[in-house]
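# Examining the three-dimensional arrangement
So the chains spell out like this:
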Amino acid sequence: MTRPITMPFTLDNGAIIRPLQAQDNAALAAMIREVSAEYGLTANRGFSVADKTLDCLSEVYQAQGSQYWVIEYQGKVVGGAGVAPLPANDGVCELQKMYFANTIRGQGLAKRLSALCVEYAKQQGYHSMYLETTAILVEALALYEKLGFVRCQHLGETGHYACEIAMTKTL
């Protein structure tokens, strides 16, 4: 990728990948809740849909070493993923809140957005990327493995106690 990764860019299908903005908060939270419900990832079970910051993610990703991108398609936020430092783990970032509406799945956007997150993490000087997920998300697990993530022990306290699978990737 030759352009700065914080700049918006348009994909062949007309979707736009761009940094999260405050006006995206409600649409992004609604999309995450919708996808979570589709897979049975309920707030009472410790998934990220229960995060207290879900409705103000643009503020969360203003922190140093953090960035979140949304995918906008036909004027709607239909996907997103972010990177943030993993507390108490120097040099380790976490791939966070990677969700895609069912209308855009299967188009390679998750792979594209994951690559963007990895590139950003490298530019920030992280040496590894961590994530937590669940076996319910079969497609996501397959993607993570294809991207070179391997299973590991849980690192730190993310609050997502229902995410039984932890993975890491050396950058």
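Details of the structure are given in the entry above.
These numbers come from a predicted model, not from an experiment.

## Thoughts on the pairing of strand 5 (residues 92-100)
With 9 of its 9 residues buried, strand 5 lies for the most part within the structure. Note that strand 4 (residues 76-85) and strand 5 share 6 bridges and pair antiparallel. Along strand 5, the bridge assignment pairs Gly 79 with Phe 100. When strand 5 meets strand 6 (residues 128-133), the two strands line up parallel, connected through 3 bridges.

## As for the pattern of salt bridges
Side-chain pairs of opposite charge can arise whenever the charged atoms involved come near each other. A complete count under the given rule lists 4 salt bridges for this structure. Close ionic contact of Asp 24 with Arg 18 constitutes a salt bridge, the shortest N to O distance being 2.7 Å. Per residue, the accessibility class of Asp 24 equals that of Arg 18, and both read buried. Among the salt bridges present, the one from Arg 18 reaches Glu 72, with a minimum N-O distance of 2.9 Å. Residue Arg 18 is located in strand 2 (residues 16-19), and its partner Glu 72 is located in strand 3 (residues 67-73); the two are separated by 54 residues in the primary sequence. Neither Arg 18 nor Glu 72 differs from the other in exposure class; each is buried. One salt-bridge network, held together by shared partners, links Arg 18, Asp 24 and Glu 72.

## A few points about helix 4 (residues 138-146)
Buried within helix 4 we find Ala 140, Leu 141, Leu 143 and Tyr 144. Along the axis of helix 4, the buried residues cluster in a sector spanning 165°; they form a single face. Projecting away from the buried face of helix 4 at angles above 90 degrees are the exposed residues Val 138, Glu 139 and Lys 146. In this structure, the buried residues of helix 4 make contact with strand 5, helix 3 (109-123), strand 6, strand 7 (150-152) and strand 8 (165-170). Two residues or fewer past helix 4, Gly 148 is found with a positive phi of approximately 95°.

## Side note on the layout of surface pockets
Where empty space is left becomes clear once a probe the size of a water molecule has been rolled over the atoms. A volume near 200 Å³ is recorded for the second largest pocket. Taken together, Ala 27, Ala 30, Met 31, Glu 34, Tyr 73, Gln 74, Lys 76, Val 77, Val 78, Ala 101, Asn 102 and Thr 103 make up the lining of the second largest pocket. Mapped onto the lining of the second largest pocket, the elements with two or more residues apiece are helix 1 (25-38) and strand 4. With 4 residues, helix 1 is the largest single contributor of residues to the lining of the second largest pocket. Of the residues in the lining of the second largest pocket, the class split is 7 nonpolar, 3 polar and 2 charged.

## Section: the pairing of strand 2
As a general feature of sheets, a regular strand has side chains that alternate between the two faces. Examined bridge by bridge, strand 1 (residues 9-10) and strand 2 share 2 bridges and lie antiparallel to one another. Counted as the bridge partner of Thr 10 is Ile 16 from strand 2. Where strand 2 and strand 3 come together, 4 bridges link them in antiparallel fashion. In the strand pairing of strand 3, Pro 19 is matched with Trp 69.

## Notes on the environment of Gly 14
Residue placement: Gly 14 occurs in the loop between strand 1 and strand 2. Note: C-alpha distance between Gly 14 and Tyr 73 (59 residues apart in sequence) is 6.8 Å. Each residue touching Gly 14, except ones within four places of it in the same chain, is listed here: Glu 72 and Tyr 73.

What counts, and where the lines are drawn
Counting restarts for each chain, with residues numbered from 1 along the sequence as it is written. Reporting in this predicted model follows two pLDDT cut-offs: at least 70 for local features of residues, and 80 or more for side-chain atom pairs to be given and counted; totals over whole chains, interfaces and linings ignore these cut-offs and use all residues. Only heavy atoms go into the side-chain values, all of them from the structure, while hydrogens and water stay out. Using a 1.4 Å probe on the protein chains alone, a residue whose accessible area is under 20% of its type maximum counts as buried, one over 50% counts as exposed, and one in between counts as partly exposed. Working definition: helices are DSSP H or I runs of at least four residues, strands are E runs of at least two. Numbering for both runs from the N terminus. When DSSP finds two or more bridges between a pair of strands, those strands are recorded as paired. The term salt bridge refers to a pairing of a side-chain nitrogen on Lys or Arg with a carboxyl oxygen on Asp or Glu at a separation within 4 Å. The reported arc concerns the directions from the helix axis to the C-beta atoms and nothing else. We call two residues in contact when some of their heavy atoms are within 4.5 Å. Here a cavity means grid points, on a 1 Å grid over the protein atoms only, where a 1.4 Å probe fits yet cannot get out; a pocket means an open set of points with protein on both sides within 12 Å along at least five of seven lines; lining residues are those with an atom within 4 Å of a point. Grid points are joined across faces, edges and corners, and a volume is the space filled by probe spheres set on the points. Ten residue types, Ala, Val, Leu, Ile, Met, Phe, Trp, Tyr, Cys and Pro, are classed as nonpolar, four, Asp, Glu, Lys and Arg, as charged, and the remainder, Gly among them, as polar.

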